[in-house]
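# Chains, contacts and geometry: an overview
Residue strings, one per chain:
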Amino acid sequence: MEYLVVEGLSGEARLAGDISIEGAKNAVLPIMAGAVAVGGETTLTNVPMIADVHTMGALIEGLGGYVTTKDHQSSIRTKDANGTVLDPTLAKRLRASVLLTGAVMARSGRVTFPHPGGCVLGSRPIDLFTDGFQKLGALVSYQDEATTIEAQNGLLGGEIFFKVVSVTATETFMIAGTRATGVVTLKNCAMEPEVVALANYLRAQGARISGDGTPTIVIEPSHFEPNPDSFAILPDRIEAGSFIILGALLGKEVRVLNCVPEHLGALLEALRQMGVSVLATRDSVTVSRPDRLLPLELRTHEYPGFPTDLQAPMAVLLTQAEGESSLLETVFDGRLNYTQDLVRMGADIQVWNPHKATIKGPTPLKARDIDGPDIRAGLAFLLAASIANGTSKIGNAHLIDRGYERIEEKLESLGLVIKRETAG
Ligand code: EPU
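Residues numbered from 1 in each chain as written. Predicted model: local features only at pLDDT ≥ 70, side-chain atom pairs only at ≥ 80, totals over all residues. Heavy atoms only, no water.

### Comments concerning the environment of threonine 89
Tracing the chain through its elements places threonine 89 in helix 3 (residues 88–91). Given the relative accessible area of 56%, threonine 89 is considered exposed. (Helix = DSSP H or I, 4+ residues; strand = E, 2+ residues; numbered from the N terminus. Buried < 20%, exposed > 50% of the residue type's maximum accessible area, 1.4 Å probe, protein only.)

### Observations concerning the environment of glutamate 405
Here glutamate 405 lies in the loop between helix 13 (397–401) and helix 14 (407–413). Since its relative accessible area comes to 4%, glutamate 405 is described here as buried. On a C-alpha basis, the gap between glutamate 405 and threonine 363 in space is 30 Å, while along the polypeptide they are 42 residues apart. In contact with glutamate 405, not counting residues within four places along its chain, are Glu22, Pro48, Met49, Ile50, His72 and Lys410. (Contact = heavy atoms within 4.5 Å.)

### Re the sheet that holds strand 23 (residues 417–422)
Spatially, 21-22-1-23 is the arrangement adopted by the four strands of the open sheet, whose pairing is mixed. The open sheet is flanked by strand 21 (369–371) and strand 23, the only strands paired with a single partner. Averaged over neighbouring strand pairs, the angle between their axes works out to 20° when direction is ignored. With three bridges joining them, strand 21 and strand 22 (residues 391–395) adopt parallel strand pairing. Bridging from a neighbouring strand, aspartate 371 pairs with glycine 395 of strand 22. Sitting on the sheet, helix 12 (residues 375–387) touches strand 1 (2–7), strand 21, strand 22 and strand 23, and the angle it makes with strand 22 is about 175°. (Pairing = 2+ DSSP bridges. Axes fitted to C-alpha atoms, helices over the stretch in contact; angles between N-to-C directions.)

### Comments concerning the pattern of salt bridges
Under the definition given, this model contains 23 salt bridges. Here aspartate 212 makes a salt bridge to arginine 203, at a shortest N to O gap of 2.7 Å. Aspartate 212 gets classed as buried once you look at its relative accessible area, which sits at 15%. For glutamate 239, the salt bridge identified is with lysine 410, shortest N-O distance 2.7 Å. Note that glutamate 239 is positioned in helix 8 (residues 237–250) and lysine 410 in helix 14, a separation of 171 residues in sequence. Exposure class is identical for glutamate 239 and lysine 410. Each is buried. In this structure, a network of salt bridges that share partners links the residues Glu22, Glu239, Glu405, Arg406, Glu409 and Lys410. (Salt bridge = Lys/Arg side-chain N within 4 Å of Asp/Glu carboxyl O.)

### Details of the site of the ligand
Asp127, Ser166, Thr168, Asp309 and Val331 are the nearest of the 23 residues found near the ligand. The separation between an oxygen atom of the ligand and a polar side-chain atom of serine 166 is 2.6 Å. Against a free-state accessible area of 840 Å², the protein chains account for coverage of 90% of the ligand. Counting residues per element, the ones that place at least two in the shell around the ligand are helix 1 (25–38), helix 5 (127–135), helix 6 (167–177) and helix 12. It is helix 5 that provides the largest number of residues to the shell around the ligand, a total of three residues. (Near = heavy atom within 4 Å. Polar contact = N/O pair within 3.5 Å; in protein donor to acceptor, adjacent residues only side chain to side chain. Areas by Shrake-Rupley, 256 points an atom, 1.4 Å probe, with all protein chains shown as cover.)

### Structural notes on the packing of helix 4 (residues 99–108) against helix 6
Contact geometry for helix 4 and helix 6: axes closest at 8 Å, N-to-C directions at 15°. Considering their axes alone, helix 4 and helix 6 lie roughly parallel with respect to each other. The chirality of how helix 4 crosses helix 6 is right-handed. For the pair formed by helix 4 and helix 6, the contact residues are Leu99, Thr101, Gly102, Ala103 and Ala106 on the first element and Thr168, Glu171, Thr172, Ile175 and Ala176 on the second. (Parallel < 35°, antiparallel > 145°, perpendicular 65-115°, else oblique. Left-handed = near helix turned anticlockwise from the far one by under 90°.)

### Section: the packing of aromatic side chains
Going through the model one piece at a time under the given rule, you end up with three aromatic pairs. Measuring from centroid to centroid gives 5.5 Å for tyrosine 201 and phenylalanine 231, while their planes differ by 80°, and the two rings are edge-to-face. With tyrosine 201 in helix 7 (residues 193–204) and phenylalanine 231 in strand 13 (residues 231–232), this residue pair connects regions lying 30 residues apart in the sequence. Phenylalanine 231 matches tyrosine 201 in its accessibility class, with the two residues each being buried. The structure contains a cluster of three or more aromatic residues connected by ring pairs, namely Phe133, Phe162 and Phe173. (Phe/Tyr/Trp six-rings, centres within 6.5 Å; stacked < 30°, edge-to-face > 60°.)

Here it is as structure tokens:
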């Protein structure tokens, strides 16, 4: 068990410097899955060196592919990735393993997988996946906790209307649809930049996809022609957003580089409403802590709304706003549990139901030893520890490592005293 030990700044806005953003976790994972459907060799650049990329690589190797990732570059060879069973131990480690069901179905017409694991954010069902494959002519069966989907003669064309907007379901059927025998139309799709990035990657390999970035995506039958050019992963808007929020909390002047401010519209608008001065260029955001932070009514929403993945970091900022803020989490039904630990640190947060909380501020925070429950709440605890009075130990550092590359090195470069310890 690894901890991150953070010396809090007792609320003093002392952090300064530049911080550079890596490629997006939630873009590289679907693109790696897409590479399995393509069946040739793919080179990805600007790949974040995070644990989830290695787990996805190991899953692809379990299917017969070959993946090497180093120095922010992945080489993925999938000519022989003909396996149809996802390694259950690895698949349970990350929810994004479900993306491979689309790729394996596209290739082989049959896939067996366990219920995917990943962050505990609520119920996280897979009904959109099983229902969607059935709409494209597949049969679904369950045995020994594994789900098998089979379409003996390949997937058919058809229309899928997602009853809930889902990022990975949209991406899975974009991948699966590339090899269906007829046109696949997806309705009520997620519009995240990562969905568009996956479409760009698949199109570069010969896929015929249109409408990505809108609620309706159409995939026409096509043949892949693996593209020898490398494909660059877009910057991670959630990593960028997390550091921008840190700048609003404790920044003398923090400059977040290599990001796409256009993908952060909802966050930048929320910060401006709180009185934070945010200076955005085409690929950077400069932010510092204002004298007063104003309260906010925050509501998470699918893109382009406020991202649920920034809800916990933003809650830490709201503990420092003058007055009462409200938080409405509309995407997941278990993503406010972490607030109990912020209360133990001195925050005044009332949770009314699994979706709604109010936060009264400003409250000074006291250092605590706490374990992060998931990637984003873990990062939020690092922010809370940074502003607190005293030294905190944040456990479950491996969860933060799933989504953030070299986190302590980056925070240290801004002036925070933080080190990693292993429980002996
Ligand atoms: N849902 C269903 N049925 C399904 C699938 C999803 O009801 O079969 C529901 C979920 O329960 C949830 C809603 O749909 O209420 C939206 O969830 P979604 O499926 O969009 O989430 P996801 O695709 O599993 C991705 C990101 C998450 C991010 C969410 C929401 C990846 C690999 N993961 O998850 O990222 O929180 O979209 O934006 O893209 C993270 O990076 O820390 C993370 C959790």
